[in-house]
Amino acid sequence: MNLTNVIAERKNKVIYRDGDLCYKVFDSDYSKADILNEALNQARVEETGLNIPKIKSITTVDGGKWAIVTDFIEGKTLAQLMEEDPDNKDKYLDYFVNLQLDVCSKKCPLLTKLRDKMNRKINLTDFDATTRYELHTRLDGMPKHDKLCHGDFNPSNIIITADGAPYILDWAHATQGNASADAARTYLLFWLNGDIETAKKYLDLFCKKSDTAKQYVQKWMPIVAASQSVKGNEKEIEFLRSWVDVVDYE
């Protein structure tokens, strides 16, 4: 094991390549339960047949830090391809939406229910009781589905190999629930990245390809924004809160 080749650094974790393996190494104070749950999520999603990096082991490194070891997938992220080839960005976005719809076509019945996770997250926010009540009520009124939802579906989590095969990374937030909630999350991620034009194109494409009313996805946005506002940096939290504060509840 040679953990010297850093390929990415994220909050509370560092990702290394060691030959054909990828080591996601978590900070020593990271929740062991969350790490094991992430590995379990990924193992369960493997069983759907989607192209994802396979779990090889869960171990400790560097004085006791937990690490999830998976296949290393050689290639470029879809985000890189969009940036390097802007003339074909719309083509890549179309491909991206097709991948998301493929994910949402799968079932993974042992995953946490998206609705339960969002209810817990809303309870953790610092919104006042009236706003939390309205959010819980809106969430309770949304149709109950059991589709596989990624929870962080964005172009930087898609690797395209040299032979054109797509691999979907980072299943830490995977749940089962309503695909339109997953679409609302992706839309907000484009906004968070400052790419409002692509956010709008994405939403149009998702709704057209899935035959979903745009208003239906938009109804999820304050719920998703609220549930995501309990983490992230100050700028992200302020942005997400604005999506909750401006909503007119029905």
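One can find the structure itself at the top, above this paragraph.
Parameters at a glance
Residues numbered from 1 in each chain as written. Predicted model: local features only at pLDDT ≥ 70, side-chain atom pairs only at ≥ 80, totals over all residues. Heavy atoms only, no water. Phe/Tyr/Trp six-rings, centres within 6.5 Å; stacked < 30°, edge-to-face > 60°. Helix = DSSP H or I, 4+ residues; strand = E, 2+ residues; numbered from the N terminus. Salt bridge = Lys/Arg side-chain N within 4 Å of Asp/Glu carboxyl O. Buried < 20%, exposed > 50% of the residue type's maximum accessible area, 1.4 Å probe, protein only. Arc of directions from axis to C-beta. Contact = heavy atoms within 4.5 Å. Expected span 1.5 Å × (residues − 1). Polar contact = N/O pair within 3.5 Å; in protein donor to acceptor, adjacent residues only side chain to side chain. Pairing = 2+ DSSP bridges. Axes fitted to C-alpha atoms, helices over the stretch in contact; angles between N-to-C directions.

Novice: What's the story with the packing of aromatic side chains in this structure? I'm lost.
Specialist: Remark: the centre distance and the inter-plane angle together describe each pair of aromatic rings, the angle taken between the planes. All chains considered together, the criterion is met by 11 aromatic pairs. Plain terms: the ring middles of Phe-26 and Tyr-30 are 4.8 Å apart, the flat faces sit at 50 degrees to each other, and that makes the pair tilted. Centroid distance Phe-190 to Tyr-202: 5.7 Å. Interplanar angle 45 degrees. Geometry classified as tilted. Here Tyr-202 lies in helix α7 (residues 196–210) and Phe-190 lies in helix α6 (residues 179–192), a separation of 12 residues in the sequence.

Novice: Help me understand the pattern of salt bridges, please; the structure alone is not making it clear to me.
Specialist: Opposite charge on two side chains permits them to pair, given that their charged atoms come into close proximity. Using the criterion set out here, one finds 14 salt bridges in the structure. One salt bridge in this structure joins Lys-24 and Glu-38, with 2.7 Å as the shortest N-O distance. Here Lys-24, found in strand β3 (residues 21–26), pairs with Glu-38, found in helix α1 (residues 32–46); they are 14 residues apart in sequence, far enough to count as distant. When sorted by exposure, Lys-24 lands in the same class as Glu-38, which is buried. Taking the shortest distance from any N to any O, the salt bridge between Asp-170 and Lys-24 comes out at 4.0 Å. Here Lys-24 lies in strand β3 and Asp-170 lies in the loop between β9 (166–168) and β10 (175–177), a separation of 146 residues in the sequence.

Novice: Can you help me understand the environment of Lys-200 in this one?
Specialist: Mapped onto the fold, Lys-200 is located in helix α7. As a C-alpha pair, Lys-200 and Phe-72 span 128 residues in sequence and 33 Å in three-dimensional space.

Novice: How should helix α4 (residues 114–124) be read in this particular structure?
Specialist: An α-helical segment advances 3.6 residues per turn. Residues three or four places apart therefore align on the same side. When we look at burial in α4, the residues that qualify are Leu-114, Arg-115, Met-118, Lys-121 and Ile-122. With its buried residues spanning 125 degrees around the axis, α4 presents them on a single face. Turned more than 90 degrees from where α4 packs its buried face, Asn-123 and Leu-124 sit exposed. Residues of α4 that are buried sit in contact with α5 (129–141), β7 (147–149), β10, α6 and α8 (214–228).

Novice: Would you explain α1 in this entry?
Specialist: The end-to-end C-alpha distance of α1 is 21 Å, a good match for the 21 Å that 15 residues give at a rise of 1.5 Å each. Buried positions along α1 lie against β3, β4 (55–61), β5 (65–71) and β7. One side-chain oxygen of the residue at the start of α1 lies 3.3 Å from the amide nitrogen of Ala-33, identifying that residue as Ser-31.

Novice: Mind showing me how you'd approach the sheet that holds β3 here?
Specialist: The strands making up a sheet are joined through hydrogen bonds of the backbone, oriented either antiparallel or parallel. With respect to topology, 5 strands assemble into an open sheet ordered β1-β2-β3-β5-β4, the strand pairing being antiparallel. The open sheet has two edge strands with one neighbour each: β1 (5–10) and β4. Strand after strand, the sheet turns through a mean of 25 degrees between neighbouring axes, direction not considered. In terms of strand pairing, strand β2 (residues 13–18) meets β3 through 6 bridges, oriented antiparallel. Of the residues in β3, the one forming a bridge with Ile-15 is Lys-24.

These results come straight from atomic positions and should not be treated as a statement about function.
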